[in-house]
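# Topology and contacts: notes
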Amino acid sequence: MSPASAPRRALLLENIHPDAVAGLEKNGYAVETVARALDEDELIARIAGVDLLGIRSKTTVTDAVLAAAPDLLAVGAFCIGTNQIDLASASERGVAVFNAPFSNTRSVVELVIAEIIALTRRLVDKNTGMHAGVWDKSAEGSHEVRGRRLGIIGYGNIGSQLSVLAENLGMSVFFYDTADKLALGNARRCSSMEELLATVDVVTLHVDGRPGNSGLFGEAEFARMRPGSLFLNLSRGFVVDHQALRSHIESGHLAGAAIDVFPNEPRARGDEFVSELRGLPNVIMTPHIGGSTEEAQQDIGQFVAGKLHDFVSTGNTSLSVNLPPVSLTSQDGGHRLTHLHRNTPGVLATINSVLADHEVNIEGQLLGTRGDLGYVITDIGSQYTSDVIGQLRDLPTTVRLRLLS
């Protein structure tokens, strides 16, 4: 079989939803699936000849992995976060990265709401007592969420949607974000985290995975929280000092907590889970399932697989997290060139000069930039020679050139 007729290969790890497999296979990809995460050596051993890689949060895509994958066109993170991928290395190699920034936000928000209600009513302790044969019909320590003050740290897609639903439950919402975000409904913005912690009864974290957020919430922040407050983290495990959280639960300063993400998480289902928080009263722990509903995983599978195929077939980079966002409507017939390059003055003029010198007609063109990179999609007539492609590929500014029929 010639390379031109061989199907493109996709490797999907970590039990990605079957709809992603079906969608890629429908578009002609040969799909290999692995139910678990792979470590660096395992991934390097399997990635040669792979065009598309799909992962979730447990697989790390390092520079060494990318170096072992010269055919790789794109990586799909079938989740929200992309901090497990070396984005700088991917960009340097012309590998597009896509994620699912919106698909599981509702699932996370619903879990937050459920856990706030469960903690406020102390359902965890009541349930544990009942299973132990203890009938404790008491209102002590049990409250309504209506009228309580919710503090949201990180007012992005999840935080802002949570704001709306919590307000509908009768909660007063306060939020803090380092970026300038528009308050929804009657939510009130705090000028600092310290102001928020001194104001609210419930604190929930929804920050991203940037390295600067490591250790964001520790002893000092827990000490600033109001006595009897509740704490939730469904963002990233490394942003919270769990030993400090345990101390404030045991002292009674905090009335409860709900944690879905941990600094060190087991790699596979069934592995032992170790945490300082095990055995604490009114503490809900879940195994990183904030976005793990069937609805969310199906939507993520369809969305990310669709973005991967669209990039391969059209070159469009809309919603890519690392390449310049460019989307050009395809023309009937002809060919499409995509050119990722160093963002220096005159590159577009040089590209068009090469095309003009070979009398290649430009039928459509769009350029976008992001930082040090530029990306141009050019639709050309069907008449061109291999010299055109060779000259464009050999430009000193070229990072990656692709020819799409």
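Our structure's up above, just so we're on the same page.
Residues numbered from 1 in each chain as written. Predicted model: local features only at pLDDT ≥ 70, side-chain atom pairs only at ≥ 80, totals over all residues. Heavy atoms only, no water.

We now examine the environment of F303. Inspection of the secondary structure puts F303 in helix α11 (residues 294–314). According to the relative accessible area criterion, F303 is partly exposed, its value standing at 26%. Spatially, the C-alpha atoms of F303 and F102 are 9.7 Å apart, while their sequence positions differ by 201 residues. Apart from residues no more than four positions distant in its own chain, F303 is found in contact with N99, A100, P101, S103 and L319. (Helix = DSSP H or I, 4+ residues; strand = E, 2+ residues; numbered from the N terminus. Buried < 20%, exposed > 50% of the residue type's maximum accessible area, 1.4 Å probe, protein only. Contact = heavy atoms within 4.5 Å.)

Turning our eyes to something else, we now look at the pairing of strand β10 (residues 229–233). Taking burial as the measure, the 5 residues of β10 include 5 buried ones, the bulk of the element. As defined by bridge partners, strand β9 (residues 202–205) adjoins β10 across 4 bridges and the pair is classed as parallel. What sits directly across from L205, in β10, is N233. For the handedness criterion, the β-α-β arrangement of β9, helix α9 (residues 219–224) and β10 is classed as right-handed. In terms of strand pairing, β10 meets strand β11 (residues 254–259) through 5 bridges, oriented parallel. Considered in β11, the bridge of L230 is made with G256. Following the chain from β10 across helix α10 (residues 242–250) to the adjacent parallel β11, one finds a crossover that is right-handed. (Pairing = 2+ DSSP bridges. Right-handed = clockwise from strand over helix to strand, strands pointing away.)

Two elements in contact, helix α1 (residues 18–26) and α11, have axes whose closest approach is 7 Å; the angle formed by their N-to-C orientations is 30°. Comparing the axis directions of α1 and α11 gives the class roughly parallel. The way α1 lies across α11 gives a crossing that is right-handed. Side by side, α1 and α11 meet where D19, A20 and L24 of the first sit next to Q298, G301, Q302 and A305 of the second. (Axes fitted to C-alpha atoms, helices over the stretch in contact; angles between N-to-C directions. Parallel < 35°, antiparallel > 145°, perpendicular 65-115°, else oblique. Left-handed = near helix turned anticlockwise from the far one by under 90°.)

So, on to the sheet that holds strand β5 (residues 96–98). Strand order in this open sheet of 5 strands is β2-β1-β3-β4-β5, and the pairing throughout is parallel. On the outer flanks of this sheet lie β2 (30–33) and β5, each paired with one strand and no other. Pairs of neighbouring strands in the sheet enclose a mean axial angle of 15°, with direction left out of account. Bridge count for strand β1 (residues 9–12) against strand β3 (residues 52–55) is 3 bridges, and the pairing is parallel. Residue A10 lies in a different strand from β3, and its bridge partner there is L52. Together, β3, β4 (74–77) and β5 form the strand contacts of α11, whose direction differs from that of β4 by roughly 165°.

A word on the side chain of T397. Assignment of secondary structure puts T397 in the loop between α13 (386–393) and β16 (398–404). Judged by its relative accessible area of 18%, T397 falls in the buried class. Contacts of T397, omitting those with residues within four sequence positions, involve L340, H341, R342, T344 and V347.

If you walk across this open sheet you meet the 7 strands as β8-β7-β6-β9-β10-β11-β12, and the pairing is parallel. Edge strands, defined here as strands with exactly one partner in the open sheet, are β8 (188–189) and β12 (283–285). Along the sheet, helix α5 (residues 105–120) contacts β6 (149–153), β9, β10, β11 and β12; its crossing angle with β10, the most-contacted strand, is approximately 150°. Of the strands in this sheet, β6, β7 (172–176) and β9 are in contact with helix α7 (residues 157–168), which crosses β6 at around 170°.

Our focus in this paragraph is the layout of surface pockets. Where empty space is left in the structure can be found by rolling a water-sized probe over the atoms. Its boundaries defined by the atoms lining it, the second largest pocket holds a volume of some 220 Å³. Surrounding the second largest pocket, R8, N27, G28, Y29, H309, V312, S313, R402, L403, L404 and S405 form its lining. For the lining of the second largest pocket, the secondary-structure elements that each account for two or more residues are α11 and β16. Across the lining of the second largest pocket, the residue classes break down as 4 nonpolar, 5 polar and 2 charged. (1 Å grid on protein atoms, 1.4 Å probe; cavity = no way out; pocket = protein on both sides within 12 Å on 5 of 7 lines; lining within 4 Å. Points joined across faces, edges and corners; volume = space filled by probe spheres on them. Nonpolar A, V, L, I, M, F, W, Y, C, P; charged D, E, K, R; others polar.)

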